[in-house]
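Notes for the structure review
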Amino acid sequence: MGTFRVHKHVKNSHLFLTLLLLLLYSALFGQAIDIKVSTTGAMTESESAFIKEFRNEFASMYERNASGIFYSAKSMAVSLSFGKENSTFFLRAAIEGQLFYTEKGFRSLDRLALSQSVTQCVENLLVWFFLRRAFQTEKRIGLSDLLYEYPHFSADGRFFTYITEKRTGNANPLVVSLTDGTVFLLELPMKTEFYPRVYGEFLYYLQSLEGAREILRVPLSRLSDRREGLYEGDVTGYSVRGNELIWSEKNRLLRKPLDGKGPYSEEPLPPNASRIQSFDIADHYWAISLAREGAQYDLYLYDPVRKTGLFLTHTPYQEVDVRFSKDGTMLVFSSNPDGNFNLFYFDLVNNRLGRVTQNAYDEFYPAFTPDGSGLVFCRYETKSEPYLVALPLR
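In what follows, the accompanying structure is described. This one's a predicted model, so the numbers in the text were calculated from it and none came from an experiment.

Side chains bearing opposite charge may pair, as long as their charged atoms lie close to each other. Overall, the coordinates contain 25 salt bridges when judged by the stated rule. Between Asp-283 and Arg-241 there is a salt bridge, with the nearest N and O atoms lying 3.8 Å from each other. Remark: Arg-241 occurs in strand 14 (residues 235-241) and Asp-283 occurs in the loop between strand 18 (273-281) and strand 19 (286-292); sequence separation between them is 42 residues. Exposure remark for Asp-283: the relative accessible area of 67% places this residue in the exposed category. For Glu-244, the salt bridge identified is with Arg-255, shortest N-O distance 2.8 Å. Here Glu-244 is found in strand 15 (residues 244-249), whereas its partner Arg-255 is found in strand 16 (residues 252-257), with 11 residues between them in sequence. Its relative accessible area of 21% is what places Glu-244 among the partly exposed residues. Connected through shared salt-bridge partners, Glu-244, Arg-255, Glu-267 and Lys-307 make up one network.

Have a look at this one:
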């Protein structure tokens, strides 16, 4: 249940009834789409068969996952444009003239490649709708049976990142461009990655080593380039602000210039701080999930200018995976007062704690959409891989 925004009452009864009927229709049937397929260039028999199967599977998968979406009162036109450039077979998918998925070259035309591309195409379309406030209720947007974790939207609203096992079978960083739907996959065999994020023109992530984690980055436009190691240690989180890298290691919060032209500095935390689980940065404050003399994590609000802070919570539960809202007035985090972990919020303006979700599953890693109107988070059900859920906040 989203709680952050309250709707005003509609005074016109006819308008209210119209809106109610539209919402009931969308909840039952979802947003209707009209799929149009076009091709440029001479297609082989196998490519033509691939295009036909892609269209049918796309329609079927979208229909199965479109309930609760309402964006327009009319059927929306989705175009699947297949073509060839220098013998490269590509796809550009658009809705209402706006690109939401770009496949710059299919790896093969086999069944696995088709299924993976269709899944990514439909997932991208669901994200497109979600970012335009078309969801009436929460909705699963990670559609395969493979792992999805650590969702994140770039601050400039250009990219959506997460870790997934799609395409490679290994947990690798995947980046979706929110401007043209291009998908970037950093393939790292036999490696484990965490917290992929785009800052500026670089993809940053943590990589697990023997007994440590390393912060690395690589140019987003050249993912095959040699990766630059920024710091190696017992890293639990990181952020980039301007030309500065900020990271947490055990019970320390550290920072240094990205260009290396300057020393490390350490932020003062309470003397009994034993470990940092996560942190996030807003314009004026930092929010930290901080344990004191043990493994019990509470929320700590830190002022980096005055070098002071205060604990916001003192509960017998865990408060982890803390994130600021876009305006810096709200925190969202995961906590376990009922045993399993659900999402909660802390209103910094009114000093109020509240619940965002309530169910029998564990939920972690909340990420605000670029405009702050919704959350994407990771849900863990019994006997299944974690997947991504999108939740509108109203």
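The next thing to look at is the packing of aromatic side chains. All told, the structure shown has 32 aromatic pairs when counted by the stated rule. Each residue in the set Tyr-150, Phe-194, Tyr-195, Phe-341, Phe-364, Tyr-365 and Tyr-380 is aromatic and connected to the rest through ring pairs, giving one cluster. Against the face of Tyr-238 rests Arg-197, its NZ or CZ located 5.0 Å from the ring centre. The lysine or arginine in question, Arg-217, covers the ring of Phe-202, its NZ or CZ lying 4.1 Å from the ring centre.

Here helix 3 (residues 111-131) contains 21 residues, and its C-alpha end-to-end distance of 30 Å stays within 8% of the 30 Å for a straight helix at 1.5 Å per residue. Within helix 3, 16 of the 21 residues are buried, which leaves the element mostly enclosed by the surrounding structure.

Attention now moves to the side chain of Glu-214. Position of Glu-214 among the secondary structure elements: in strand 12 (residues 212-219). Using a relative accessible area of 17% as the deciding quantity, one classes Glu-214 as buried. Dropping the residues within four chain positions of it, Glu-214 is found in contact with Tyr-205, Leu-206, Gln-207, Leu-209, Gly-229, Tyr-231 and Glu-232.

With that out of the way, let us pick up the nonpolar core. Judged by nonpolar contacts, the single largest core of 60 residues is most densely connected at Phe-54, Phe-58, Phe-82, Phe-100, Leu-125 and Phe-129. Per-element accounting of this core gives the leading share, 10 residues, to helix 3. Excluding residues that lie within four positions of it along the chain, Leu-125 makes contacts with Phe-58, Tyr-62, Val-78, Ile-95 and Phe-100. Within the second largest apolar cluster, 26 residues are counted, among which are Tyr-195, Trp-247, Leu-254 and Phe-341.

Spatially, the 4 strands line up as an open sheet ordered 22-23-24-25, and their pairing is antiparallel. Each edge of the sheet is formed by a strand with only one pairing partner; in this case those strands are strand 22 (319-324) and strand 25 (352-355). Pairs of neighbouring strands in the sheet enclose a mean axial angle of 25°, with direction left out of account. As judged from the 6 bridges shared by strand 23 (residues 330-335) and strand 24 (residues 342-347), these two strands associate in the antiparallel manner. Within the sheet, the bridge partner assigned to Ser-334 lies in strand 24 and is Leu-343.

Bringing the pairing of strand 27 (residues 374-380) into the picture now. Most of strand 27 sits out of view: 6 of its 7 residues are buried. Sheet topology places strand 26 (residues 362-368) next to strand 27; 5 bridges connect them, and they run antiparallel. Paired with Phe-364 across the two strands is Cys-378, which belongs to strand 27. Between strand 26 and strand 27, which pair antiparallel in sequence order, lie 5 residues; one of them, Gly-372, sits at a positive phi of approximately 75°. Bridging between strand 27 and strand 28 (residues 387-392) involves 6 bridges; their strand directions are antiparallel.

For the rest of this paragraph, the subject is unusual backbone geometry. Even without being glycine, Glu-96 reaches a positive phi, approximately 55°. On the secondary structure map, Glu-96 appears in the loop between strand 3 (88-95) and strand 4 (98-103). One non-glycine residue with positive phi stands out, namely Tyr-195, at about 50°.

Definitions and limits used
All residue numbers refer to position in the chain's written sequence, counted from 1. Residues qualify for local features only when their pLDDT is at least 70, as the model is predicted, and side-chain atom pairs are given and counted only at 80 or more; totals for whole chains, interfaces and linings, by contrast, use all residues. To obtain the side-chain values, all non-hydrogen atoms of the structure were included, while hydrogens and water were left out. Here a salt bridge means any side-chain nitrogen of Lys or Arg lying within 4 Å of a carboxyl oxygen belonging to Asp or Glu. Per the convention used, a helix needs a DSSP run of H or I reaching at least four residues, while a strand needs a run of E reaching at least two, with both numbered from the N terminus. Using a 1.4 Å probe on the protein chains alone, a residue whose accessible area is under 20% of its type maximum counts as buried, one over 50% counts as exposed, and one in between counts as partly exposed. Each pair of aromatic rings taken from Phe, Tyr and Trp, with Trp reduced to its six-membered ring, is defined by centres within 6.5 Å and is described as stacked if the planes are under 30 degrees apart, edge-to-face if over 60, and tilted in the remaining cases. The rule is short: NZ of Lys or CZ of Arg within 6 Å of the ring centre and within 35 degrees of the ring normal puts a charge over the ring. Take the residue count of a helix, subtract one, and multiply by 1.5 Å to get its expected span. Two residues qualify as a contact provided that any one of their heavy atoms is within 4.5 Å of a heavy atom in the partner residue. Only buried residues count toward a nonpolar core. Its members are Ala, Val, Leu, Ile, Met, Phe, Trp, Tyr and Cys residues joined through side-chain atoms within 4.5 Å. DSSP calls a pair of strands paired once it identifies at least 2 bridges connecting them. Helix axes are fitted only over the stretch in contact, all axes being lines through C-alpha atoms; the angle between N-to-C directions runs from 0 to 180 degrees.

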